[in-house]
Amino acid sequence: MFRIVRVSLFLVIVLSIALVASMGLNVLTYVRLTDEDPIAALYFEPVSEDVFTAHLVSDDPGVSGSYEILGDQWRIDAEFIKLKPWANIIGMDARYQLVRFEGRYRDVARQNTAPFRAYDLGIGDALDIVSYLAEWNFLIDADYGSSTFTDIREDTVYRVYRTQSGIIIRSEPMPDPIGYEPTMMDQFANWISGKS
């Protein structure tokens, strides 16, 4: 009788540990497959009607700077390498390279007739990464272009995020200064680096 109780207790403990481990793996899978990293932040200052100065900050080389944007919306493009889900789960992240930043118009007729300006971003391109990873191609699920756009609002800070499947934009109201504040470019650099 005592032996049956010990075996039963042992099985309960083993099954409890297995259940906790299974729940932990499910949480880890969710966290890894929904991982997002901020890759750029920007805000706009109006110059004239449908002309803005965009102040863009990123840790990627050659991306940060001020750009004249024409239109009532903006778009940022990236070359993107999506990894297989199991590669994400074991800790590897999708790869990207920001390649273009431009203004655009909500109205298609204006887009086709109004002035337009686009900028190349960064140094090199994601194809260099694909070439580098050629021997590891069993990790790559797909390589493609990822693009996202939204309306231009002057009182808004936009953040561009890298997800495991593309780039996305989130916006937040421009913070109000309290007393002495560093320049906006300093604030954005601090926000991106997580020092804010």
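Here, the structure is the one placed above.
These remarks concern the structure in this document. (Residues numbered from 1 in each chain as written. Predicted model: local features only at pLDDT ≥ 70, side-chain atom pairs only at ≥ 80, totals over all residues. Heavy atoms only, no water.)

A look at unusual backbone geometry
A positive phi angle, close to 60°, is found at D50, a residue other than glycine. In this structure, D50 sits in the loop between strand 1 (37-48) and strand 2 (51-57). (Helix = DSSP H or I, 4+ residues; strand = E, 2+ residues; numbered from the N terminus.)

Regarding the side chain of R159
Among the structural elements, R159 can be located in strand 8 (residues 156-162). When its relative accessible area of 12% is taken as the criterion, R159 is described as buried. A distance of 3.4 Å separates the side chain of R159 from the side chain of E172, its partner in a polar contact. Filtering out sequence-adjacent residues up to four positions away, R159 remains in contact with A40, A41, I168, I169, R170, E172, W191 and I192. (Buried < 20%, exposed > 50% of the residue type's maximum accessible area, 1.4 Å probe, protein only. Polar contact = N/O pair within 3.5 Å; in protein donor to acceptor, adjacent residues only side chain to side chain. Contact = heavy atoms within 4.5 Å.)

Observations regarding the nonpolar core
Counting residues in hydrophobic clusters, the biggest one holds 24 residues, and the most contacted among them are F44, W74, L98 and F101. Elements with a minimum of two residues in this core: strand 1, strand 2, strand 3 (65-70), strand 4 (73-83), strand 5 (95-104) and strand 8. Not counting chain neighbours up to four residues away, the residues in contact with F101 comprise L42, F44, A54, L56, Y67, I69, W74, R75, I76, A118, Y119 and L121. Counting residues in hydrophobic clusters, the runner-up holds 7 residues, among them V57, F188, W191 and I192. (Core = buried A, V, L, I, M, F, W, Y, C linked by side-chain atoms within 4.5 Å.)

The values reported here are purely geometric and, on their own, carry no functional implication.
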